Amino acid sequence: MKKTLITLAAIAATLTTVAAPAIATAAPRHATVIVVDDRDRGPAHNNFGASAELNNRIARLDSRIDQGRRTGALSAREGRRLDSELRNIIALKRGYERSGRGLNRNEMASLDNRLDRLQGQIRFEKRDGDNRRW
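Residues numbered from 1 in each chain as written. Predicted model: local features only at pLDDT ≥ 70, side-chain atom pairs only at ≥ 80, totals over all residues. Heavy atoms only, no water.

## Description of the nonpolar core
In plain terms, the rule: Buried Ala, Val, Leu, Ile, Met, Phe, Trp, Tyr and Cys residues form a nonpolar core when they are joined through side-chain atoms within 4.5 Å. The classification of residues rests on relative accessible area computed with a 1.4 Å probe and restricted to protein chains. Under 20% of the type maximum is buried, over 50% is exposed, and intermediate values are partly exposed. Runs of E in the DSSP output that reach at least two residues are strands. Runs of H or I that reach at least four are helices, and both are numbered from the N terminus. By the convention used here, residues are in contact when the closest approach between their heavy atoms is within 4.5 Å.
Membership of the largest hydrophobic core comes to 16 residues, with the highest contact counts inside it found for Leu115 and Leu118. Sorting the residues of this core by element identifies helix H2 (48-71), helix H3 (76-98) and helix H4 (105-127) as the ones contributing at least two each. In contact with Leu118, other than residues within four places in its own chain, are Leu61, Leu82, Glu85, Leu86 and Ile89.

Here you go:
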């Protein structure tokens, strides 16, 4: 009986040391939210990470606009116009979120497209050379 308990304890200890690193490195499980879309604008989906990614992307674009102003790559007028477009995108995102049902795929695609377009505008304005300091 004593040998059986020692053997079982040894097996348990071995399994713990083998399984613990695998469990520790496993990706966390996220809660899934099912969103019902009664306007038939796309299938429902989980938008926890999507909203955070949009917020990160907005923050990066805002930083690029500020950096362009500081370095002189963007004129004051260009900076104001780009800031205005970014504020419009933020307002649109808040409007979508205010509905209480989360962001559906069409809304995400719309925001992504507008952010892509703004990113291209920032890149163009910073490189067009019409406000460079020599």
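From this point, the discussion proceeds with the structure in view.
## A short note on H3
One turn of the α-helix equals 3.6 residues, which is why residues spaced by three or four share an orientation. Quick reminder of the rule: The length a helix should cover is 1.5 Å for every residue beyond the first.
Relative to the 33 Å expected for 23 residues at 1.5 Å per residue, H3 spans 32 Å between its end C-alpha atoms, a close match to the ideal helical length. Of the residues trailing H3, Gly100 is marked for its positive phi of about 85 degrees.

## Let's talk about the environment of Leu74
Tracing the sequence through the fold places Leu74 in the loop between H2 and H3. Accessibility expressed as a relative area gives 3% for Leu74, which makes it buried. For the pair Leu74 and Glu125, spaced 51 residues apart in the sequence, the C-alpha separation amounts to 6.5 Å.

## Structural notes on the pattern of salt bridges
Oppositely charged side chains are able to pair whenever their charged atoms sit close together. Just so we agree on the cut-off: Salt bridges are defined as contacts in which a side-chain nitrogen from Lys or Arg sits within 4 Å of a carboxyl oxygen from Asp or Glu.
Counting across every chain of the model gives eight salt bridges. Linking Arg57 and Asp116 is a salt bridge whose minimum nitrogen-to-oxygen distance equals 2.2 Å. Of this pair, Arg57 sits in helix H2 while Asp116 sits in helix H4, and the two are 59 residues apart along the sequence. Residues Arg69 and Asp83 are paired through a salt bridge, measuring 2.4 Å at the closest nitrogen-oxygen approach. Of the two residues, Arg69 sits in helix H2 while Asp83 sits in helix H3, which places them 14 residues apart along the sequence. For Arg69, a relative accessible area of 29% puts it in the partly exposed group. For Asp83, a relative accessible area of 14% translates into the label buried.

## Things to note about the side chain of Lys126
Which entries qualify depends on this criterion: His is not counted, nor are the chain ends, whereas Lys and Arg count as positive and Asp and Glu as negative. By the criterion applied in these results, polar contacts are pairs of N or O atoms within 3.5 Å in which, for protein atoms, one can donate a hydrogen and the other can accept it, and in which residues neighboring in sequence qualify only through two side-chain atoms.
With respect to the helices and strands, the residue Lys126 is situated in helix H4. Buried charge Lys126 goes without a salt bridge, the closest partner of opposite sign being Asp66 at 10 Å. Polar contacts involving the side chain of Lys126 include one to the side chain of Gln67, which spans 2.4 Å.

## Considerations on the environment of Phe124
By secondary structure assignment, the location of Phe124 is in helix H4. Using a relative accessible area of 55% as the deciding quantity, one classes Phe124 as exposed. C-alpha separation for the pair Phe124 and Leu74, spaced 50 residues apart in sequence, amounts to 10.0 Å.

## Concerning H4
Its 23 residues give H4 an end-to-end C-alpha distance of 33 Å, which sits within 8% of 33 Å, the value for a rise of 1.5 Å per residue. Of the residues that open H4, the one with a side-chain oxygen 3.0 Å from the backbone nitrogen of Asn106 is Asn104. Among the residues trailing H4, Gly129 stands out with phi positive, at a value near 75 degrees.

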